[in-house]
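Structural description and commentary
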Amino acid sequence: MALVLAGVVVLDCAEPEKLAAFYKELLDGEETDTSANRIDIRGADGTRMGFRRDLTATPPSWPRPENSLQVHLDFQVADLDEAERRIVGLGGRPIETKDAAEPFEERGYADPSGHSFTLCLTPTMAPKLG
């Protein structure tokens, strides 16, 4: 039997209700547990996240070095432009949306509390020829 049965990414923030609502919409999820200081959600794909109240939480400043990257989330999407429109509509903001130099496409964003995350274009899987 595994020692760890499940993992949950927990983000500290001043307003867990607002941040949980953002990710619940982004991940087409549902609340699974709520208390005065924490809200847990599960996305449609099974992603589990928690949002813990911390009135002294300081948003990351990435890409600036001071108080830099504290956590980083990656989400795979089929359409970067559509996902960006949805994120901005939910209260997120672009951080790095220029074309990536790598062989894959990705864009950086911040959620309403300032936590950074990246959208990665899901690679299309073409059948092997030959």
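Quantities reported herein were computed from a predicted structural model and do not represent experimental measurements.

**Some remarks on the overall build of the protein**
Helices and strands together make up the secondary structure of the protein, namely two helices and eight strands. Taken from N to C terminus, the helices and strands of the protein fall in the order β-α-β-β-β-β-α-β-β-β. If you take every contact in the protein between residues at least 6 apart in sequence, the share linking residues at least 24 apart comes to 51%. Accessible surface, the protein: about 8,500 Å² in total, of which carbon and sulfur atoms supply 52%.

**So, the sheet that holds strand S7 (residues 106-110)**
Pairing within the open sheet is mixed, and its four strands lie in the order S5-S8-S7-S6. Two strands lie at the open edges of the sheet, namely strand S5 (73-77) and strand S6 (93-96), each paired on one side alone. Between one strand axis and the next, the sheet turns through 35 degrees on average, direction left out of account. As defined by bridge partners, S7 adjoins strand S8 (residues 116-121) across five bridges and the pair is classed as antiparallel. Across the sheet, residue Gly-108 finds its bridge partner in S8, namely Thr-118.

Rules behind the numbers
- Residues numbered from 1 in each chain as written.
- Predicted model: local features only at pLDDT ≥ 70, side-chain atom pairs only at ≥ 80, totals over all residues.
- Heavy atoms only, no water.
- Helix = DSSP H or I, 4+ residues; strand = E, 2+ residues; numbered from the N terminus.
- Contact = heavy atoms within 4.5 Å.
- Areas by Shrake-Rupley, 256 points an atom, 1.4 Å probe, with all protein chains shown as cover.
- Pairing = 2+ DSSP bridges.
- Axes fitted to C-alpha atoms, helices over the stretch in contact; angles between N-to-C directions.

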